There are 2 protein chains.
Amino acid sequence: MATTLDNTSTAEKHPFSDRVLIRSIVSRPDGGAGLAGQRVRVGGWVKTGREQGKGSFAFLEVNDGSCPANFQVIVDAAVADLGQLVPTGTSVSVEGLLKNPPEGTKQKIELRVEKVIDVGTVDPAKYPIPKTKLTLEFLRDRIHFRPRTNTIAAVARIRNALAYATHTFFQEHGFLYIHTPIITTSDCEGAGEMFQVTTLISEAEKIEKELIKNPPSSEADVEAAKAVVKEKGEAVAKLKSDKANKEAITASVSELTKAKENLSKLEERSKLKPGIPQKDGKIDYAQDFFARQAFLTVSGQLQVETYACAVSNVYTFGPTFRAEHSHTSRHLAEFWMVEPEIAFADIKDDMNCAEAYVKFMCQWLLDKCFDDMEFMAKNYDKSCIDRLRMVSSTPFERITYTEAVEILEAAVKEGKKFENKVEWGIDLASEHERFLTEVKFQKPVIVYNYPKGIKAFYMRVNDDSKTVAAMDVLVPKVGELIGGSQREERYDIIKSRIEEMRLPLEPYEWYLDLRRFGTVKHSGFGLGFERMILFATGIENIRDVIPFPRYPGRADL
Amino acid sequence: MATTLDNTSTAEKHPFSDRVLIRSIVSRPDGGAGLAGQRVRVGGWVKTGREQGKGSFAFLEVNDGSCPANFQVIVDAAVADLGQLVPTGTSVSVEGLLKNPPEGTKQKIELRVEKVIDVGTVDPAKYPIPKTKLTLEFLRDRIHFRPRTNTIAAVARIRNALAYATHTFFQEHGFLYIHTPIITTSDCEGAGEMFQVTTLISEAEKIEKELIKNPPSSEADVEAAKAVVKEKGEAVAKLKSDKANKEAITASVSELTKAKENLSKLEERSKLKPGIPQKDGKIDYAQDFFARQAFLTVSGQLQVETYACAVSNVYTFGPTFRAEHSHTSRHLAEFWMVEPEIAFADIKDDMNCAEAYVKFMCQWLLDKCFDDMEFMAKNYDKSCIDRLRMVSSTPFERITYTEAVEILEAAVKEGKKFENKVEWGIDLASEHERFLTEVKFQKPVIVYNYPKGIKAFYMRVNDDSKTVAAMDVLVPKVGELIGGSQREERYDIIKSRIEEMRLPLEPYEWYLDLRRFGTVKHSGFGLGFERMILFATGIENIRDVIPFPRYPGRADL
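It should be emphasised that the depicted structure is a prediction, and the values quoted were computed from it without experimental measurement. (Residues numbered from 1 in each chain as written. Chains lettered and ligands numbered in written order. Predicted model: local features only at pLDDT ≥ 70, side-chain atom pairs only at ≥ 80, totals over all residues. Heavy atoms only, no water.)

## Notes on the side chain of Ser252(A)
Residue and element names in this part refer to chain A. Along the chain, Ser252 falls in helix H7 (residues 246-271). Classification of Ser252 as buried rests on a relative accessible area of 10%. Other than its neighbours up to four places away in sequence, Ser252 contacts Lys232, Ala235, Val236 and Leu239. (Helix = DSSP H or I, 4+ residues; strand = E, 2+ residues; numbered from the N terminus. Buried < 20%, exposed > 50% of the residue type's maximum accessible area, 1.4 Å probe, protein only. Contact = heavy atoms within 4.5 Å.)

## Some details on the packing of helix H4 (residues 150-172) of chain B against helix H10 (residues 370-379) of chain B
Residue and element names in this part refer to chain B. Two numbers describe how H4 lies on H10: the axes approach to 10 Å, and their chain directions differ by 135°. Looking at the two axes, H4 sits oblique to H10. For the element pair H4 and H10, the recorded crossing hand is left-handed. Contact with H4, carried on its side by Asn150, Thr151, Ala154, Val155, Arg157 and Ile158, involves Asp372, Met373, Phe375 and Met376 of H10 and no other residues of that element. The residue inventory of the contact of H4 with H10, partitioned by class, reads six nonpolar, two polar and two charged. (Axes fitted to C-alpha atoms, helices over the stretch in contact; angles between N-to-C directions. Parallel < 35°, antiparallel > 145°, perpendicular 65-115°, else oblique. Left-handed = near helix turned anticlockwise from the far one by under 90°. Nonpolar A, V, L, I, M, F, W, Y, C, P; charged D, E, K, R; others polar.)

## Describing unusual backbone geometry
Positive phi, close to 60°, is recorded for Phe344(A), a residue that is not glycine. With respect to the helices, strands and loops of the structure, Phe344(A) is situated in the loop between strand S13 (334-343) and helix H9 (347-368).

## Considerations on the environment of Gln287(B)
Relative to the helices and strands, Gln287(B) is located in the loop between strand S10 (282-283) and strand S11 (294-296). Not counting residues up to four positions away in its chain, the partners in contact with Gln287(B) are Leu200(B) and Pro277(B).

## With respect to the sheet that holds strand S8 (residues 196-198) of chain A
Across the sheet, six strands lie side by side as S7(A)-S11(A)-S8(A)-S8(B)-S11(B)-S7(B); this open sheet has antiparallel pairing. Of all the strands in the sheet, the pair left with one neighbour each is strand S7 (183-184) of chain A together with strand S7 (183-184) of chain B. Relative to strand S8 (residues 196-198) of chain B, S8(A) is paired through three bridges, and the arrangement is antiparallel. Counted as the bridge partner of Val197(A) is Val197(B) from S8(B). (Pairing = 2+ DSSP bridges.)

## Quick notes on the interface of chain A and chain B
The interface is formed by 122 residues belonging to chain A together with 122 residues belonging to chain B. Summing both sides of the interface, chain A and chain B together bury roughly 10100 Å²; the carbon and sulfur share of this comes to 65%. There are two salt bridges connecting chain A and chain B. Note that Lys206(B) and Glu193(A) form a salt bridge whose closest N and O atoms lie 3.6 Å from each other. Joining chain A to chain B, the criterion identifies 43 residue pairs in polar contact (both at pLDDT 80 or more). Looking at the side of chain A that touches chain B, the element that brings in the most residues is helix H4 (residues 150-172) of chain A, giving 12 residues. (Buried area = accessible area lost by both parts, 1.4 Å probe. Salt bridge = Lys/Arg side-chain N within 4 Å of Asp/Glu carboxyl O. Polar contact = N/O pair within 3.5 Å; in protein donor to acceptor, adjacent residues only side chain to side chain.)

## Describing the pattern of salt bridges
Applying the stated criterion across every chain yields a total of 69 salt bridges over all chains. The salt bridge partner of Asp544(A) is Arg140(A), with a shortest N-O separation of 2.9 Å. Of this pair, Asp544(A) sits in the segment after helix H16 (529-537) while Arg140(A) sits in helix H3 (residues 136-140), placing them 404 residues apart in sequence. In this structure Asp544(A) comes out as buried when scored by relative accessible area, which is 3%. On the accessibility criterion, Arg140(A) (12% relative accessible area) is buried. With a shortest N-O distance of 2.7 Å, Arg39(B) and Glu114(B) are connected by a salt bridge.

## Re helix H14 (residues 491-500) of chain A
An α-helix turns once every 3.6 residues. As a result, residues three or four positions apart point the same way. Residues and elements named next belong to chain A. Burial in H14 covers these residues: Ile494, Arg497 and Ile498. Here the buried residues of H14 occupy an arc of 100° about the axis, which is enough to place them on one side. As for H14, its buried residues are in contact with strand S16 (467-475) and helix H15 (509-516). (Arc of directions from axis to C-beta.)

## Things to note about H7(A)
Residues and elements named next belong to chain A. Look at H7: 38 Å from first C-alpha to last across 26 residues, which is about the 38 Å you get at 1.5 Å a residue. Within the span of H7, buried status applies to Ile249, Ser252, Leu256, Ala259, Leu263, Leu266 and Arg269. Of the surrounding elements, those touching the buried residues of H7 are helix H5 (200-213) and helix H6 (219-241). A side-chain oxygen of the first residue of H7 lies 3.2 Å from the backbone nitrogen of Glu247; this N-cap is Asn245. (Expected span 1.5 Å × (residues − 1).)

## Let's talk about the packing of aromatic side chains
Taken as a whole and judged by the stated rule, the model has 61 aromatic pairs over all chains. Centroid distance Phe145(A) to Phe517(B): 5.8 Å. Interplanar angle 75°. Geometry classified as edge-to-face. Remark: Phe517(B) occurs in the loop between helix H15 (509-516) and strand S18 (522-528) and Phe145(A) occurs in the loop between H3 and H4; the pair is interchain, linking two chains. Geometrically, the ring pair formed by Phe169(A) and Tyr357(A) is tilted, given 5.4 Å between the ring centres and 35° between the ring planes. (Phe/Tyr/Trp six-rings, centres within 6.5 Å; stacked < 30°, edge-to-face > 60°.)

Next up, the structure:
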């Protein structure tokens, strides 16, 4: 993706197969014209196909996912069964000569097929995503086919580009990528609804099946086995006191051992109970896989801080989870987050990093995905390219929370209506955030120094004792894109903040340890990766910018 | 990380704070000598500190995680309380002048501190990782402090480098990074033990708490409420038949509505039952978050195939999970996998890709992490650098499974003892794999065309009907590093393979759809990311090469 195509004379061969990528033909500055005369093999799926000249040849528009543009392929009836080739969705692998089409046609190069290598046919009557315009909602029910559509393929390329831009940005700035855990026994904010990860249910089901096949031993069985042990024990004792010969004693001891083994097996089985194991009226998590209750992470921040407080510049980029029953177009149960954490950095450094990162991603899309962005501008959001240009080149406005509230109050006085009341101390609602970035400043805005009452315990208390060094980056189209803060590095203060918020101290002892020993000023933030894609593409529903969306009632595949 | 440092005249400023990275001083070809005279600020943690000259000054060896080398800092007693600075683990942010030390000393540059900006103190009597040599096992119990050790920090840099090398390799070759789901309702191979993801237990606990506070309505309550509804209904009917005035009717209807609401609330509450919801004697998964049973993924392969069969070159790189009770040094419950999938590619293309990828990673480490590799060679595995050099430059041996068995049988004849029997049809054991790569060929070996009986249903059946187009990449030190295959693209054959293996068809209908419509030759493989780190570093236990290891009984943080 990273290379810029030029007009050199040969098409770029696919590194691990004998075809060339369609992108390497049609995305050249000359549209591929300079490649005429070359023999190539291409593979892809037919977007549209039609027979022409009374069935003597067929035009196929073929796409292999390497770029949004299709590639025109012409097949003679003498070469293949054209009826098999033309249905939308057919896969083809074909070889032939590149030719310049007649002047006046849109494309600059096309392929005259000499040989059809492979065909994967489609019965158009049964194909689940026929050619007609399909809604994104309809496609959500055909999750395994939707990457074959122009939109979902373009989203995949944009998502891929933003992911690599993310890694490249942090790597170039000396950050280490840290894989924070997905399964966690810490709850980041003592808040969010979490998914539980367990083997207790499957273990219980296994035991239930086993008990049906093989009922547990009864008390009577156990008593009988105990009697046998007693009897065999007495026999051994008798032989010993009788000074019987060695073999007789050995044989008798061996019988006793067997009886004991049988008893312990029966006792073991008599304890098997259907259902999830309980202890003192509660679920006995000591018997769960990790010997304690475990959850899916809601954020890697607290864990990645252990690395920031050791190797200074780090970031995570991974899936996070919320078990909230939100059915909105902005929430997913599984979504990806980017969370950098910087040691020896304060809230200002944090804002600088966030601004540089967002700008870098916008410029990256303009540089590497312009054709996909044009597709988005044409089909989803006319202003998306202008938005990327503006964000990549305009310094972000920075205002305190107090200034933000004053601006909003002034707007209310001038007649602006908000659904949510504006006053110092409120959490800014989406409508407030969008007013600031879209109406008031018309560019990205960073709001910082929020009231401590509405923010998490780990954010650093400012000298005014009323606010914390938190910051949110607001952008047009989606509102809040990033939330971050300087972390409270002072042991006494963070401890009393945890107590103030009535959170238990014990689960945070390891986190407090980072402040007890060699504590360091540090800051970080989180960017919702899908939000960034919504911002870039103008797509409305978050379910359409992640390959396999998970939300209440749905987890296809 | 990617840039090579040269001897230009200024130290590289940290992009988002006012310090410079220690790496930008000490990792220059001149060891930093050329920077003498510059004023810089550095931050980091004291590795060792000692007071000298009867307490008139202190030497601090400071490390900020940007490279394995420490940086020597000298502080005069006039500048700061030296006793506070010298304990191992203390964080310091200091400013001063870079100076060339006296000739004959190891380091080429040191810092004369003029100002101590910040100190995070350590009480050495309480510090959980004191200076003495600590075992990796000991450190596993102090997971939040272990990144402060030289070994775990070096592993973090190597892991980071391999992750970015992975993305760079696939991006440069035109692959799209696809985020396959973590929560899944498909089981990749119908085999592996999976973790269940659920909200049923927490919901049940919530209901139980609620029922204790507020007992469920009794049948009598419900009957009484029904009677009220009946009575109010009759009242409305009477008023209507009496043609009473509008207000009276409205008031009466409103009372009826209230009575109905009360009834439905009571009925709702009377249904609340403690425990996990059941239906027909089984757990009622319709009431779980996703309205069905859900698990943590064991592999993204099947899902990523939906993208390969649409945009042709893709890869996943994410966490995967196995709920196996393995306590070995080679298994984790949560580990990371890299899984590329290539359309229009056969098993040979697949092997080419795997070989190129492994070589690329080895060369990357030699280029970008040589200092960390030297640390590993010195402390863990003398041969690790030679191994990277050999793998990056030697063509991999390729042999069929049948040839591999013949080689092993010949070795047995010559007196080689294996614990596991060798004969055609067995799954190669680790001892066999390591014999092939370490003893017989002494280089990486790709074994391909395995008996179909020991491989997964989705692997392509060869023309001999006995083997499938599977391949494993074996490397010295760890044995199997990669497993892959050409996928069965023929609908009839894959369907009968699923049936042959007595797997249910229904859960695979979507996967079969990829073969029903526009099917395409495709291949892919999986690389266990932690295995690659073990291979590179020579570290023995997989729990030490992932930041937060999860295994039976343990999931710290």
